[in-house]
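Observations on the three-dimensional arrangement
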Amino acid sequence: MAEDWDRESEIREAQYITPKCGIIYVLTIWMSSNMACLKLGSRADVFKKQGQDWYCTTGLPSDITVTVGEQSFHLHKFPLLSKSGLLEQCIREKIENGEDSCVVDLSDIPGGAKAFELAAKFCYGVKFEMTSSNVVHLRCAADYLKMTEEIAEGNLIAQTENFLTQTVLRSWKDSIKALLACDDILDLAEKLQIVKRCIDSIATKSCTDPDLFGWPVAQYGGPMQSPGGSVLWNGISTGARPRNSSPDWWYDDVSCLSLPLYKKLISAMEYRGINQDIIVGSLNHYAKRRLPGLNRRKSISDVSSCLSMSSLTSIPSEEEQKYLLEEIDRLLPFQRGVTSCKLLFGLLRTAIILKASPSCVSNLERRIGMQLDKATLEDLLIPNISESVETLYDVDCVHRILDHFLAMDQETGGASPGLGEDAQMLASPSLMPITMVAKLIDGYLAEVAPDVNLKLPKFRSLAAAIPDYARPIDDGLYRAIDIYLKAHPYLSESDKEELCRVMDCQKLSLEACTHAAQNERLPLRVIVQVLFFEQLQLRSSIAECLMVSENLEGGSRQLMPTTSGEQYRPGWPLASRENQALREGMDNMKQRVSDLEKECSTMRDEIERLGRSQSTGKSRFSLAGVKPQICSTKEAIPTATTARSEEKLAAVKGDTTPRLKLSRHKKLSIEA
């Protein structure tokens, strides 16, 4: 035993020693490459293999041949009869039938030739090691051979059961290895409750601190350490390093399980009430290890680590990957916020590539739609692999996801914004998600707009799907429309006007209005609307500035120094002069607005006169579609009132710009 202790670095926990086994149990159970091992038998190995034949070199001629598949075992009847009820029955039948040669076929024994070899060594009392990797096959083979206590005391069934219960199931890694061994003989292992016991052990330990099992006994609140930092067991350095546990410490270990066993394990964990976030994290790790398509957006280091993990097992075929993805979709909890959007979008892309079932794709789209406000623009850029559609990105898929989100938002009451007395939306937490989604979709529209194969109805339908109240400002939508018009110069004037109807010119900021007024790609009718609403914004700004000026002037009158010796505050004369200058600026601005209104009215009359002169009788530039709405300055210009006032005053000082804009479009209309 001394050499065993010399070549091993980790010893089984002392707390697993039972009074019945005593010190003998400690000496016979040790860790071989982190694997529990029980040594059985005392005789030297007398089994020799020649080709496909096994011989027992005891000096006595063989009187029975057992065939297991392509291998033959030339053995003796007595050692087998004393341990196996099945072989005893087979030999008795051979003798009763008067057969001279005794050949028994056991090709259907669980575990195959390797399991029978170990069972035969047990019958002969030959030394061999029972480990967590072969104990399941030995237990099933012992049940098949009927090696019960009725045949012999301390038979193989009892030995394997004790080793499973006392050693394997108490260790995390040994339970994993035993469960892995159940794959080949799953039906019989389930019948003998081996699978259930292993899964129960793993599920229980997965929600427990790993330092509490599979490691030396904790003393004084933690494992004892040597000066070098390794864990001590009874004062002996084991070479093991203490680990910092985290909730995901077990993900990598269970990801090596086959899908049927992994599904059973996840079900057992859910039954025990393990946090859904932890289960989703395990599903994410399992999927990334077995679905190569999920790793396409990872960094080089992450991809290399995934490849090293996948090299341990063969990469599944496309059919296997499709089945695995559909099963993972069924295992994922159907709950908002539990599964990350990146995982869901990765599964959706992979499902589209693998051509998974429509129900699987629809479920993933519905899951994403439930939390679309948490997605990013990069997530939405799903490549289009359909042969019937030539667009670069799958716009239809994003439209379906948006429909799921809007349906959910409608059910939760998020589609009914409250309105104040001034017809402005009241701030509400329920409006935040849909506002974020509106901004996300506007960014997506700007990203897909340069695609020349993207048809106008599809682009317009996605843009119009967002409710009006979800966009406090339409600058993002205007940018997307401008990019689309630039990439599709062949659009007719009517198509351009139809597309621009999705945009509300009243919600454009001053910067967007300035750009739109000079944008030659926009229809003239839209430009006139922009200028019209820009005037309304200017009037609203003037009204607010006057209100501020009157308030400041009223306050200054109350605090001016008096002859009766009332309080005097320095600086108020300067404030009065500034207010006077502000009032003069307001008067000039009023006059400028009046001039702009007259010029706009003149231009409207000229446009209507030109429209009536056309033979069709329809006015191309009619302003009938323009609703006389008053733009809310708070919605359109989200800046401070004082800053707006200063900006308007600056515009008045350089009063050539607005007149130039109107004159240019007036000239265009006359030439047309």
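Below, the structure is looked at part by part. The shown structure was predicted, so the numbers you read here are calculated from the model rather than taken from an experiment. (Residues numbered from 1 in each chain as written. Predicted model: local features only at pLDDT ≥ 70, side-chain atom pairs only at ≥ 80, totals over all residues. Heavy atoms only, no water.)

**Topic: the overall build of the chain**
Along the backbone of the chain there are 29 helices and 10 strands. For the chain, the residues scored as buried account for 46% of the 672 residues in total. Across the chain, the fraction of contacts at a sequence separation of at least 24, relative to all contacts at a separation of at least 6, is 71%. Of the accessible surface of the chain, which amounts to about 34500 Å², a share of 53% is contributed by carbon and sulfur atoms. (Helix = DSSP H or I, 4+ residues; strand = E, 2+ residues; numbered from the N terminus. Buried < 20%, exposed > 50% of the residue type's maximum accessible area, 1.4 Å probe, protein only. Contact = heavy atoms within 4.5 Å. Areas by Shrake-Rupley, 256 points an atom, 1.4 Å probe, with all protein chains shown as cover.)

**Some remarks on the nonpolar core**
One finds Leu75, Phe116 and Leu372 to be the most contacted residues of the largest nonpolar core, which totals 159 residues. Viewed by domain, this core spans two of them, domain 1 (39–170) and domain 2 (380–393 + 431–548), each represented by three or more residues. With sequence-adjacent residues up to four places away left out, Leu372 is seen in contact with Leu380, Ile401, Leu402, Phe405, Val437 and Leu440. If you look at the next biggest cluster of nonpolar residues, it comprises five residues, including Ile542, Met589, Val593 and Leu596. (Core = buried A, V, L, I, M, F, W, Y, C linked by side-chain atoms within 4.5 Å. Domains from an automatic or database assignment.)

**Considering the packing of helix 15 (residues 318–331) against helix 16 (residues 341–354)**
Close contact between helix 15 and helix 16 brings their axes to 10 Å; oriented N to C, the two are set at 140°. Considered as vectors, helix 15 and helix 16 are oriented oblique to each other. Handedness of the helix 15/helix 16 crossing: left-handed. Between helix 15 and helix 16, the residues in contact are Glu318, Gln321, Lys322, Leu325 and Ile328 and Leu347, Thr350, Ala351 and Leu354, respectively. Here the residues of the contact of helix 15 with helix 16 sort into five nonpolar, two polar and two charged. (Axes fitted to C-alpha atoms, helices over the stretch in contact; angles between N-to-C directions. Parallel < 35°, antiparallel > 145°, perpendicular 65-115°, else oblique. Left-handed = near helix turned anticlockwise from the far one by under 90°. Nonpolar A, V, L, I, M, F, W, Y, C, P; charged D, E, K, R; others polar.)

**Let's talk about the pairing of strand 5 (residues 64–68)**
Taking burial as the measure, the five residues of strand 5 include five buried ones, the bulk of the element. With burial as the criterion, each face of strand 5 is covered, one bearing Ile64, Val66 and Val68 and the other bearing Thr65 and Thr67. Sheet analysis places strand 5 next to strand 6 (residues 71–75), joined by five bridges and oriented antiparallel. Residue pairing for strand 6: Ile64 is matched across the bridge by Leu75. (Pairing = 2+ DSSP bridges.)

**Let's talk about the sheet that holds strand 3 (residues 47–50)**
Spatially, 3-4-6-5-7 is the arrangement adopted by the five strands of the open sheet, whose pairing is mixed. One side of each edge strand has no neighbouring strand; the edge strands of this open sheet are strand 3 and strand 7 (103–105). Averaged over all adjacent pairs, the angle separating strand axes in this sheet is 20°, with direction ignored. By the bridge criterion, three bridges tie strand 4 (residues 53–56) to strand 6 in an arrangement that is parallel. Bridging across to strand 6, Tyr55 finds its partner in His74. Across the sheet, helix 5 (residues 112–124) touches strand 3, strand 4, strand 5 and strand 6, and the angle it forms with strand 6 is around 10°.

**A closer look at the side chain of Ser201**
As for its position among the elements, Ser201 is in helix 10 (residues 194–206). Within polar-contact distance, the side chain of Ser201 engages the side chain of Ser175 at 3.2 Å. Not counting residues within four places of it along the chain, the set of residues in contact with Ser201 comprises Leu169 and Ser175. (Polar contact = N/O pair within 3.5 Å; in protein donor to acceptor, adjacent residues only side chain to side chain.)

**So, the pattern of salt bridges**
Enumeration according to the criterion identifies 22 salt bridges in this entry. Between Asp373 and Arg336 there is a salt bridge; the shortest N-O distance is 3.1 Å. Of this pair, Asp373 sits in the loop between helix 17 (358–370) and helix 18 (377–380) while Arg336 sits in the loop between helix 15 and helix 16, placing them 37 residues apart in sequence. Its relative accessible area of 11% is what places Asp373 among the buried residues. Classification of Arg336 by relative accessible area gives partly exposed; the value is 34%. For Lys342, the salt bridge identified is with Asp379, shortest N-O distance 3.6 Å. Of this pair, Lys342 sits in helix 16 while Asp379 sits in helix 18, placing them 37 residues apart in sequence. By relative accessible area, which is 55% here, Lys342 ends up exposed. You can call Asp379 buried: its relative accessible area is 5%. Linked through salt bridges whose partners overlap, the residues forming this network are Asp45, Lys114, Glu117 and Lys121. (Salt bridge = Lys/Arg side-chain N within 4 Å of Asp/Glu carboxyl O.)

**Concerning helix 7 (residues 156–166)**
Taken together, the buried positions of helix 7 are occupied by Leu156, Ile157, Thr160, Glu161, Phe163 and Leu164. Buried residues of helix 7 fall within an arc of 165° about the axis and therefore sit on the same side. (Arc of directions from axis to C-beta.)

**Section: the packing of aromatic side chains**
Under the definition given, this model contains seven aromatic pairs. A ring pair is formed by Trp250 and Tyr251, whose centres lie 5.0 Å apart and whose planes are at 85°; its orientation type is edge-to-face. Take Trp250 and Tyr251: they sit in the same class, and that class is buried. Ring pairing ties together the aromatic residues Trp54, Phe73 and Phe116, which thus form one cluster. (Phe/Tyr/Trp six-rings, centres within 6.5 Å; stacked < 30°, edge-to-face > 60°.)

**Brief notes about helix 23 (residues 493–500)**
Regarding helix 23, the residues found buried are Lys496, Glu497, Leu499 and Cys500. The arc enclosing the buried residues of helix 23, seen along the axis, measures out at 160°, which places them on a common side.

**What to know about the side chain of Arg139**
Relative to the helices and strands, Arg139 resides in helix 6 (residues 135–144). At 2.7 Å, the side chain of Arg139 forms a polar contact with the side chain of Glu161. Ignoring any residue separated from it by four or fewer positions in sequence, one finds Arg139 in contact with Ile157, Thr160, Glu161, Leu192 and Ile194.

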